[in-house]
Amino acid sequence: MSSRNSIQITPRPSNERGHADHGWLKTFHTFSFAGYRDARHESWGALRVLNEDRVAARTGFGTHSHQTYEIFSYVISGKLEHQDSMGNTEILPRGALQMTSTGTGISHSEKANGTQEVHFCQIWASPRPGQGRGKPAYFTRNFTDEEKKNRFALLVAPDNSVGVSQDREDSGPAPIRSELRMYASLIHPGISLVHAPVGNSHKKKGYIHVIQKSGYNAAQGEGITLRIGSQVDGPQIELREGDGAYLVYEPGAELRVENDSQGIAEILLFDLE
């Protein structure tokens, strides 16, 4: 049984994710998606999709439709070209985040712009009850590496949170019609960070993902090594690039993340109900 102030951590190894190599698209799926189905990994709280995609230069996802879900992309390298039925046309570089509240329905395309592959994480969240049939909306935000250096920078937050702007382009987190917060961090070698989930008055869920920057399907021993565990007690586990972990926080628990390698670790961290 977990003790108070501890965290239950369930690893999600990279080599157990769903994955596919379509030539133009190399992709990993944390949760069931497309042709990958696993009843043990359907969703986690509001988090429904976490795909790590690499799209070859001058190729991409043609125009297709979505509704209901909150869909956002975090660009890791290259440039992502976005077009949609709301009239948005945009080229998104590293550090950009684009959010689409699909609501009653939108169509969009996502392609690699220019002569380089684009590497990005595509994330879907389930909306709060009653929010899934709203008017579609689109937002973009840009975050520098410096803003994420050795801290958990808040990139996405519920649209009803204090200080979250509803402007299409602004500073601060992108608004989402969901009970989800997403942070990003660039953790330098030897650095430890501590995170307390927002509103931690009862058991809360979380998820952590280590971006796989060494390349598609890199060997498990390559790249970054992180150690994560409770700030108070409980075991630590080791994560490498592409790995993730399900988190369940006991009341008052804080997560400690330490970069135990020589390179810079790029992390996505989610707070979930």
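Here the structure is a predicted model, which is why all the values come from computation and not from measurement. (Residues numbered from 1 in each chain as written. Predicted model: local features only at pLDDT ≥ 70, side-chain atom pairs only at ≥ 80, totals over all residues. Heavy atoms only, no water.)

## Comments concerning the nonpolar core
The biggest cluster of nonpolar side chains holds 30 residues, and the ones touching the most others in it are L180, M182 and F270. Discounting chain neighbours no more than four positions away, the residues touching F270 are L47, L50, I123, L180, R181, M182, K205, G206 and Y207. (Core = buried A, V, L, I, M, F, W, Y, C linked by side-chain atoms within 4.5 Å. Buried < 20%, exposed > 50% of the residue type's maximum accessible area, 1.4 Å probe, protein only. Contact = heavy atoms within 4.5 Å.)

## Re the UniProt feature "domain: Pirin N-terminal" (unreviewed entry) in the protein chain
Mapped onto the present numbering, the UniProt feature "domain: Pirin N-terminal" (unreviewed entry) falls at residues 16-124. Helix makes up 0% of residues 16-124 and strand 57%, and the two end C-alpha atoms of the span are 20 Å apart. (UniProt positions renumbered as here; feature names shortened; annotations may be inferred. Helix = DSSP H or I, 4+ residues; strand = E, 2+ residues; numbered from the N terminus.)

## Side note on the pattern of salt bridges
Counting across every chain of the model gives 16 salt bridges. The shortest N-O distance in the salt bridge between R168 and E169 comes to 2.6 Å. Taking the shortest distance from any N to any O, the salt bridge between R240 and E238 comes out at 3.2 Å. You can call E238 partly exposed: its relative accessible area is 37%. Through salt bridges with shared partners, a single ionic network connects R94, D145, K213 and E266. (Salt bridge = Lys/Arg side-chain N within 4 Å of Asp/Glu carboxyl O.)

## Things to note about unusual backbone geometry
Trans peptide bonds make up the majority, and among non-glycine residues the majority have a negative phi. Here the phi dihedral of R58 falls at roughly 60 degrees; this positive angle occurs in a residue that is not glycine. One non-glycine residue, N150, adopts positive backbone phi at about 55 degrees. Locating N150 in the fold gives a position in the loop between α1 (145-148) and β13 (153-158). Using a relative accessible area of 24% as the deciding quantity, one classes N150 as partly exposed.

## Describing the sheet that holds strand β6 (residues 70-77)
Here we have seven strands laid out as an open sheet, ordered β2-β3-β4-β11-β6-β9-β12, and antiparallel in their pairing. Each edge of the open sheet is held by one strand with a lone partner, namely β2 (18-21) and β12 (137-142). Across the sheet, the axes of successive neighbouring strands diverge by a mean angle of 15 degrees, strand direction being ignored. Of the pairings in the sheet, the one linking strand β4 (residues 47-55) to strand β11 (residues 118-125) comprises eight bridges and is antiparallel in character. (Pairing = 2+ DSSP bridges. Axes fitted to C-alpha atoms, helices over the stretch in contact; angles between N-to-C directions.)

## A closer look at the pairing of strand β10 (residues 106-112)
Most of β10 sits out of view: five of its seven residues are buried. Pairing of strand β5 (residues 60-66) with β10 involves five bridges; the strand directions are antiparallel. Pairing of H64 across the sheet is with H108, part of β10. As judged from the five bridges shared by strand β7 (residues 80-84) and β10, these two strands associate in the antiparallel manner. Within β10, the residue paired with D84 across the bridge is H108.

## A look at the sheet that holds β10
Within the open sheet, the four strands sit side by side as β5-β10-β7-β8. Their pairing is antiparallel. The open sheet terminates on both sides in strands that have one partner only, identified here as β5 and β8 (89-92). Adjacent strand axes in the sheet meet at a mean angle of 15 degrees, parallel and antiparallel pairs treated alike.

## Some details on the pairing of strand β21 (residues 255-259)
Regular strands have side chains that alternate between both faces of the sheet. Burial analysis of β21 places four of its five residues in the buried class, which makes it a mostly covered element. Sheet topology note: the strand β16 (residues 192-195)/β21 ladder contains four bridges and is antiparallel. Paired with S192 across the bridge in β21 is E258. Pairing of strand β18 (residues 225-230) with β21, which is carried by five bridges, proceeds in the antiparallel orientation. Its bridge partner lying in β21, G229 is registered against R256.

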